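Analysis of the macromolecular model
Chain residues, written in single-letter form:
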Amino acid sequence: MAEDGRTRRRTDTRQRLYDAAMELIAEHGFSATTVDDIALRAGVAKGTVYYNFPSKNALFEELLRHGVGLLTADFRAAVAGVPPPEAVLALIRAELAYIERHRSFAQLLLSEMWRTNREWHQTLQLLRSEAVDVIAGALRRGVDEGHFDAALDVRMAAAALFGVCLVVAVDWLVFEPDRSLADVQEALITVIRARVGV
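The written sequence of each chain sets the order in which its residues are numbered from 1. Totals for whole chains, interfaces and linings use all residues, but because this is a predicted model, local features are given only for residues with pLDDT of at least 70 and pairs of side-chain atoms are given and counted only at 80 or more. To obtain the side-chain values, all non-hydrogen atoms of the structure were used and water was disregarded.

**Comments concerning the overall build of the protein chain**
- We count a stretch as a helix when DSSP gives it H or I for four or more residues in a row; a strand needs E for two or more, and each element gets its number in order from the N terminus. Helix and strand counts for the protein chain come out as 9 helices and 0 strands.
- Counting helices and strands in the order they occur from the N terminus, the protein chain gives α-α-α-α-α-α-α-α-α.
- By definition in these notes, contact holds between two residues if any of their heavy atoms fall within 4.5 Å. Sequence separation of at least 24 residues holds for 69% of the intrachain contacts in the protein chain that already meet a minimum separation of 6.
- Only the protein chains shown count as cover for residues, with accessible areas throughout obtained via the Shrake-Rupley method and a probe of 1.4 Å. For the protein chain, the computed accessible surface area is about 10400 Å², with 53% contributed by carbon and sulfur atoms.
- Think of it this way: Lys and Arg go in the positive column, Asp and Glu in the negative one, and His and the chain ends go nowhere. Charged side chains are reduced to one point each, which is NZ for Lys, CZ for Arg, CG for Asp and CD for Glu. On the protein chain, the mean spot of the 23 positive side-chain charges and the mean spot of the 27 negative ones are 4 Å from each other.

What follows is the structure in structure tokens.
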């Protein structure tokens, strides 16, 4: 039982560190964010950061794994047992809802996807690929079952859908934060329906 308590405390501490790092990096950028800043924002000692992560870079790479992993899990849950046209709509809703819950992470992800000189770029590519694979799977099923055009470039369409949702969500939260999630979802779904035919 003591082990479970330690594991839970460690998980909670890591989540606080992820949240602190995410907020600070979104506010000030990666280079300007220090381990001291992260510890202070998380309400822990600096040694706690190093106990959980060997370096700031390692913390950030794990943050990317954690954040994209949660999004990919949401994608998998959204498409489970759902016919392809509805699965595409469910994926749009899942991504927008995820980004509304994790705004700082979405801003971070969007900015880091453009930076190819970071040591974690390969990790980010792999993680993004896992998320896009879930979308591609739903689209491929749709093509195979005759719901979507057989000429659809499934991989490109999946990447486009992922990117469009990410950019639209960040644009919404920064420039039109008064719009409701439901309103943004329906507006984006109307656009996707017109182009993809879901």
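**Things to note about the packing of helix 6 (residues 103-112) against helix 8 (residues 154-175)**
- The axes are straight lines fitted to the C-alpha atoms, using for helices just the contacting stretch, and the angles between their N-to-C directions are given from 0 to 180°. At a closest axis distance of 10 Å, the pairing of helix 6 and helix 8 adopts a crossing angle of 125°. On the basis of their axis angle, the class for helix 6 and helix 8 is oblique. In the packing of helix 6 onto helix 8, the handedness of the crossing is left-handed. Of the residues in helix 8, those touching helix 6 at R103, A106, Q107, L109 and L110 are F162, L166, V167, V170, L173 and V174.
- Here the nonpolar group is Ala, Val, Leu, Ile, Met, Phe, Trp, Tyr, Cys and Pro; Asp, Glu, Lys and Arg are the charged ones; every other residue, Gly included, is treated as polar. In terms of residue class, the contact of helix 6 with helix 8 is built from 9 nonpolar, 1 polar and 1 charged. Relative orientations are named as follows: roughly parallel for angles under 35 degrees, roughly antiparallel for angles over 145 degrees, roughly perpendicular for angles from 65 to 115 degrees, and oblique for any other angle. Crossing handedness follows the turn of the near helix against the far one: under a right angle anticlockwise gives a left-handed crossing, and clockwise gives a right-handed one.

**Description of the side chain of N52**
- By secondary structure assignment, the location of N52 is in helix 3 (residues 46-52).
- Ignoring sequence-local partners within four residues, the contact set of N52 consists of R10, T13, R14 and L17.

**Some words on the confidence of the model for the protein chain**
- Predictor confidence is given residue by residue as pLDDT, running from a minimum of 0 to a maximum of 100. When pLDDT is averaged along the protein chain, the result is 89; 96% of the residues meet or exceed 70.
- At the low end of the mean pLDDT range in the protein chain sits helix 6, at 81; at the high end sits helix 2 (residues 35-42), at 95.

**Some thoughts on the environment of V44**
- Inspection of the secondary structure puts V44 in the loop between helix 2 and helix 3.
- Relative accessibility under 20% of the residue-type maximum defines a buried residue, over 50% an exposed one, and the middle range a partly exposed one, all with a 1.4 Å probe and only protein chains included. Overall, V44 belongs to the buried group, its relative accessible area being 18%.
- For V44, the residues in contact, after removing those within four places along its chain, are R16, L17, A39 and V49.

**Here's the deal with the nonpolar core**
- Counting 66 residues, the largest nonpolar core has F60, L63, F75, I92, F105, I135 and F162 as the members making the most contacts within it.
- Of all the elements in the fold, those that place two or more residues in this core are helix 1 (2-28), helix 2, helix 4 (56-79), helix 5 (84-101), helix 6, helix 7 (121-144), helix 8 and helix 9 (181-196).
- In terms of residue count, helix 5 provides more of this core than any other element does, 11 residues in total.
- When neighbours within four sequence positions are excluded, F75 is seen to be in contact with L91, A94, E95, A131, V134, I135 and F162. Nonpolar cores are built from buried Ala, Val, Leu, Ile, Met, Phe, Trp, Tyr and Cys residues. Side-chain atoms within 4.5 Å join them into one set.

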